[in-house]
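Structure assessment
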Amino acid sequence: PLNNTLKIMILYGNSIGDDGITSIAKGLERNGSIQTVFIYGNRIGDIGATAIGRMLKINKGIRSLNLTKDLMGELGKKEIVEGLRHNFHLQYCDIDPSLQNHTDYYSKLNRGGRRLLRDHGVSNSLWANILGKNSHEVDLLHYFVQAKPELFMR
């Protein structure tokens, strides 16, 4: 049975490594109640980062993720970015300074309403509201124009 009450998970400095985080990531894939996850300083390498990337593609509950001070290399970072690209719910993310541009971009898209692109029933008036709220964010507007060009055609 899945946990339906736990909202925050903090695993700081436990040296759980790749095997431990792989098991945790598998458990988080279908958990919708945990919204904030701090997993940092746990000796997580590329294998564990890959598991986190897979989890991000599936999980719809986590809104905030902190995964700093770990050992992941370029392969693991690439898998996490791929997970972020597919995750429409994560709103705040701190992983690695070298990924800051990616984490900021996808978090901002998600806060701006990116998940609504998947909902075909969203009215044009709601889109006008969403775009108006994000009008100061050029990269967000660019993303929405590319993803849903019909919003900008007469």
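See the structure shown above.
The rules behind each value
Residues numbered from 1 in each chain as written. Predicted model: local features only at pLDDT ≥ 70, side-chain atom pairs only at ≥ 80, totals over all residues. Heavy atoms only, no water. Buried < 20%, exposed > 50% of the residue type's maximum accessible area, 1.4 Å probe, protein only. Helix = DSSP H or I, 4+ residues; strand = E, 2+ residues; numbered from the N terminus. Arc of directions from axis to C-beta. Contact = heavy atoms within 4.5 Å. Pairing = 2+ DSSP bridges. Axes fitted to C-alpha atoms, helices over the stretch in contact; angles between N-to-C directions. Right-handed = clockwise from strand over helix to strand, strands pointing away. Salt bridge = Lys/Arg side-chain N within 4 Å of Asp/Glu carboxyl O.

A closer look at helix H6 (residues 138–147)
Considered for burial, the residues of H6 that qualify are Leu140, Tyr143 and Phe144. With its buried residues spanning 95 degrees around the axis, H6 presents them on a single face. The exposed residues of H6 that point more than 90 degrees off its buried face are Val138 and Gln146. On its buried face, H6 is in contact with helix H4 (100–111) and helix H5 (124–133).

Focus on the sheet that holds strand S4 (residues 92–94)
Across the sheet, 4 strands lie side by side as S1-S2-S3-S4; this open sheet has parallel pairing. Looking at which strands have only one partner, the edges of the open sheet turn out to be strand S1 (8–12) and S4. Averaged over all pairs of adjacent strands, the angle between their axes in this sheet comes to 5 degrees, without regard to strand direction. Two strands pair when backbone bridges link them, and strand S2 (residues 36–40) and strand S3 (residues 64–66) are joined in this way by 3 bridges, in the parallel orientation.

Points about the pairing of S2
The buried fraction of S2 amounts to 4 of the 5 residues, a majority that puts the element mostly inside the structure. Relative to S2, S1 runs parallel, the two being bridged by 5 bridges. Counterpart to Leu11 in the pairing with S2 is Ile39. Tracing the backbone out of S2, into helix H2 (residues 46–58) and back to the parallel element S3 gives a crossover that is right-handed.

So, the pattern of salt bridges
Evaluation of the coordinates by the stated rule reveals 7 salt bridges. Among the salt bridges present, the one from Glu29 reaches Lys26, with a minimum N-O distance of 3.6 Å. On the basis of relative accessibility, which here comes to 57%, the residue Lys26 falls in the exposed class. Where Lys108 meets Asp139, a salt bridge forms, and the shortest distance between an N and an O atom there is 3.1 Å.

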